[in-house]
Amino acid sequence: MKEIIKINSVAEVHSYFSLEKPKHPLISVLKIGDNWNQIGLENFKYSLGLYHISLKDNCAFTIKNYGRNSYDYQEGSMIFMAPDQIMEFEKQNINTTDQGWTVMFHPDLIRKSELGKKIEQFSFFEYASNEALHLSNDERKTVTEIVQKIEKEYSGNIDTHSQTIIISNLELLLNYCVRFYDRQFYTRTNLNKDIAGNFKKLLKEYYSQNKQIELGIPTVKYCGEALNISAKYLSDLLRKETGQGTQDHIHQYIIEKAKNKLLNSTKSASEIAYSLGFEYPQYFSKIFKKKTSMSPNEYRLNLN
């Protein structure tokens, strides 16, 4: 089993890969070119205490494992990592000049900024590597130009405005990635519909096999793993397709089953709650009222 290399600062990144000292203590842009072939690592696994944004064109290393997936992300694609995620790389032999890059920045860079307050809204930092962002040539040019501005800013004379400008460009980069992911969701409509259909099928099979008795109501994490995609990606995909995230779909499916049970049986609301996988009947009643504006008993009384 490979040892996990733990890297917690920009300086450690530069030291580990025998690069010159960073020009800024909290952010660095690494050009992933042929010189990476000189690095004496064949395969390595690391946990990085930094945010990590990479554009792959012809990288000397490809992703072998990321979370539960194995994937070699394509040329012209981007991946995003939040701090403390684990990624395994496998060295490749290439001879062409690469135009790819990696931006690494420490959470302290944005901690007191508006971007720091909303960084978790950029859910693609929790996508799996096989949910990479695939860019057109124009899109690749757009994000690369922003990264070049970031590098230019911290490479010059740092003043009182530098951090604000760097963070503003980081946020601009992430906002463009949101736009490009929206485009990707739209252009992959048929694939997304297949996933949405498989998700519905998954819920039906879950209850037809009575898994809720042992496991409780299905969780977003369970559904993502069963469909072999990350929970965040599944929620974002469903929201783009239907306007509702995974949790809302799960609750809506359960409430529809509850309605049938309330109108076609004499079981109490508590008994129905337990049969649907709820540990606490009060939680079932809360969700039911949220979805229908009535308690389970009120629903049964009014419709009967």
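Everything that follows concerns the structure shown earlier in this document.
Residues numbered from 1 in each chain as written. Predicted model: local features only at pLDDT ≥ 70, side-chain atom pairs only at ≥ 80, totals over all residues. Heavy atoms only, no water.

> Could you clarify how one ought to interpret the packing of aromatic side chains in this entry?
Two numbers describe a pair of aromatic rings. These are the distance of the centres and the angle of the planes. Scanning the entire structure with this criterion turns up 20 aromatic pairs. Site record: aromatic cluster; members linked through ring pairs are Y51, F80, F105, F122, F124, F125, Y127, Y181, F185 and Y233. (Phe/Tyr/Trp six-rings, centres within 6.5 Å; stacked < 30°, edge-to-face > 60°.)

> Teacher, can you tell me more about the nonpolar core here?
Soluble globular proteins tend to pack their nonpolar side chains together in the buried interior. Membership of the largest hydrophobic core comes to 64 residues, with the highest contact counts inside it found for I53, M78 and F125. In terms of residue count, the dominant contributor to this core is helix α5 (residues 162-187) (9 residues). Per-domain counts for this core show at least three residues from each of domain 1 (5-188) and domain 2 (210-302). The next biggest cluster of nonpolar side chains, apart from the first, holds 14 residues, and it includes I5, L30, M81 and M87. (Core = buried A, V, L, I, M, F, W, Y, C linked by side-chain atoms within 4.5 Å. Buried < 20%, exposed > 50% of the residue type's maximum accessible area, 1.4 Å probe, protein only. Helix = DSSP H or I, 4+ residues; strand = E, 2+ residues; numbered from the N terminus. Domains from an automatic or database assignment.)

> Any chance you could explain the packing of α5 against helix α9 (residues 231-242) here in plain terms?
Helices that pack against each other are described as a pair by the angle of their axes relative to one another and the distance between those axes. Following both chains from N to C, one finds α5 and α9 inclined at 70 degrees, their axes separated by 10 Å at the closest point. Considering the angle they form, α5 stands roughly perpendicular to α9. Classified by chirality, the crossing of α9 by α5 is right-handed. Across the interface between the two elements, Y181, D182, Q184 and F185 of α5 pack against Y233, D236, L237 and K240 of α9. Of the residues assigned to the contact of α5 with α9, the class counts are 4 nonpolar, 1 polar and 3 charged. (Axes fitted to C-alpha atoms, helices over the stretch in contact; angles between N-to-C directions. Parallel < 35°, antiparallel > 145°, perpendicular 65-115°, else oblique. Left-handed = near helix turned anticlockwise from the far one by under 90°. Contact = heavy atoms within 4.5 Å. Nonpolar A, V, L, I, M, F, W, Y, C, P; charged D, E, K, R; others polar.)

> Any chance you could explain unusual backbone geometry here in plain terms?
Note: most residues except glycine have negative phi, and most peptide bonds are trans. One non-glycine residue, N210, lies in the positive phi region at around 60 degrees. Tracing the backbone through its elements, the reader meets N210 in the loop between α6 (189-208) and α7 (211-215). Given the relative accessible area of 46%, N210 is considered partly exposed. The phi dihedral of S293 is positive, around 65 degrees, even though this residue is not glycine.

> Explain the sheet that holds strand β4 (residues 51-56) to me, please; I cannot follow it from the model alone.
Sheet strands pair via backbone hydrogen bonds, and the direction of the pair is either parallel or antiparallel. The 5 strands lie next to each other as β2-β8-β4-β6-β9, forming an open sheet whose pairing is antiparallel. Among the strands making up the open sheet, the edge pair consists of β2 (27-31) and β9 (133-134). Seen against the sheet, helix α4 (residues 137-155) touches β2, β4, β6 (77-81), β8 (101-105) and β9 and runs at an angle of roughly 125 degrees to β2. (Pairing = 2+ DSSP bridges.)

> I'm lost on the environment of I4 in this one. Help?
Residue position: I4 is located in strand β1 (residues 4-7). With a relative accessible area of 29%, I4 lands in the partly exposed category. Along the primary structure I4 and Y46 are separated by 42 residues, whereas in three dimensions their C-alpha atoms are 5.0 Å apart. Ignoring sequence-local partners within four residues, the contact set of I4 consists of K45, Y46, S47 and I86.

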